[in-house]
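Working through the structure, step by step
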Amino acid sequence: MISADLKEQYYEALVAKDSEYEGLFYVGVRTTGVFCRPTCPARKPKFENCEFYETAQQALLASYRPCQRCRPLSHPNQVSDVVRILVEAVEKNPEKRWKEQDFKALSIDESTARRQFKKRFGMTFVEYARARRMGLALKNIRSGRTVIDSQLSTGYESSSGFRDAFSRIMGAAPTQVDEGHILKASWIDTRLGPMMAIADEESLYLLEFVDRRGLEREVERLRKRTKSAIVPGTTAPIQSIERELNEYFQGIRTAFDTPLFCLGTPFQKRVWEQLMAIPAGETRSYLEIANALGKPTACRAVAQANGANQLAIVIPCHRVINASGELGGYGGGLTRKNWLLTHEKQKQGRRKTE
């Protein structure tokens, strides 16, 4: 997370249009819903209306759309036709899930789009489109506003259009508040980036980093398996996990007490129990977990169960590494996995010396 001092420094650079800060930060403007580069020529917003991000992807996931004046997703002195056409296409229909035929309709090679987006701002076009799409849904989750307010702020004149868009992204229409089982979804800011928490009034069902690949499918799968409507809001378990996450990142907590609802097969649940038994500051290999389960040949199944975990950090799948000592995979990204392991080892080391 960006410190208060750095935010003030970034704001001064924004007001001065300081080109030395190009690429170091982006600013989201709450009053307009756009995000800009530091040198944007537009009228400068008040400090309290600014949110600062280190990457364009973070700004997109926070629901901001790219400014049409400074074009933050383009090189300051050059914008390729491919990038320009695709960004404009996404803005015309930000809820769209892109497929091969969509690129053909624009006479654009899919691999070219991937390569140019990756080179310009560190993410593929599909990742960009997904971030923009998720940003719209997360905007409603984060604000918890009424349906009509969310509809208008997202730019939908038609209520049916907004309902359809929300349903495609979150898997449940925003008015299904009184129908059947309700799950609430909330945005939680953490040191490693924003996370989505989904819970009912009793248990936490999902906790994931919002930029995790496949998060939309996870939410959809959760909705279908629980036969629930998922709507913006908060519950006691969400409030609990937000407090406990703050304590975890401060180094004063290593385990979590928030009640969990683990949606998985009996084998997956056994694997997750093994994960929760790994002490903070330590790691286990997939083979060690398989042996602990009495299934030494089930390393691949253990890895799959590890990846199916929908409660990041709380069920510490980040503590599982390859037998070679390499980190292996992690849904939230290897950079985060390495940070979490280092954080836990440092805290445990300090406790032993005290």
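Our structure is the block above this text.
Attention in this report is confined to the structure presented alongside it. (Residues numbered from 1 in each chain as written. Predicted model: local features only at pLDDT ≥ 70, side-chain atom pairs only at ≥ 80, totals over all residues. Heavy atoms only, no water.)

1. A word on the sheet that holds strand S6 (residues 195-199)
Pairing within the open sheet is mixed, and its 4 strands lie in the order S7-S6-S5-S8. Of all strands in the sheet, those bounded by a partner on one side alone are strand S7 (204-209) and strand S8 (228-232). The average angle at which neighbouring strand axes cross in this sheet is 20°, direction not considered. Sheet topology places strand S5 (residues 181-188) next to S6; 5 bridges connect them, and they run antiparallel. When the bridges of S6 are listed, Ser186 appears paired with Ala197. Running at roughly 175° to S7, helix H9 (residues 215-226) makes contact with S5, S6, S7 and S8 of the sheet. The strands touched by helix H10 (residues 236-250) within the sheet are S5, S6 and S7, with S5 carrying the most contacts at an inclination of about 25°. (Pairing = 2+ DSSP bridges. Helix = DSSP H or I, 4+ residues; strand = E, 2+ residues; numbered from the N terminus. Axes fitted to C-alpha atoms, helices over the stretch in contact; angles between N-to-C directions. Contact = heavy atoms within 4.5 Å.)

2. As for the packing of aromatic side chains
Summed over the entire model, instances satisfying the criterion amount to 18 aromatic pairs. Aromatic side chains Trp98 and Phe103 sit 5.4 Å apart centroid to centroid with 50° between the ring planes, which places their arrangement in the tilted category. The burial state of Trp98 is the same as that of Phe103; both residues are buried. A ring pair is formed by Phe117 and Tyr128, whose centres lie 5.6 Å apart and whose planes are at 35°; its orientation type is tilted. With Phe117 in helix H5 (residues 110-121) and Tyr128 in helix H6 (residues 125-143), this residue pair connects regions lying 11 residues apart in the sequence. Pair check on accessibility: Phe117 and Tyr128 agree, each one buried. (Phe/Tyr/Trp six-rings, centres within 6.5 Å; stacked < 30°, edge-to-face > 60°. Buried < 20%, exposed > 50% of the residue type's maximum accessible area, 1.4 Å probe, protein only.)

3. Structural notes on the environment of Pro38
On the secondary structure map, Pro38 appears in the loop between strand S2 (34-36) and strand S3 (50-53). According to the relative accessible area criterion, Pro38 is buried, its value standing at 0%. Put simply, Pro38 and Ala16 are 22 residues apart on the chain and 8.6 Å apart in space, counted from C-alpha to C-alpha. If near-sequence neighbours (up to four positions away) are discounted, Pro38 is found in contact with Ala13, Leu14, Lys17, Asp18, Tyr21, Glu22, Phe25 and Lys44.

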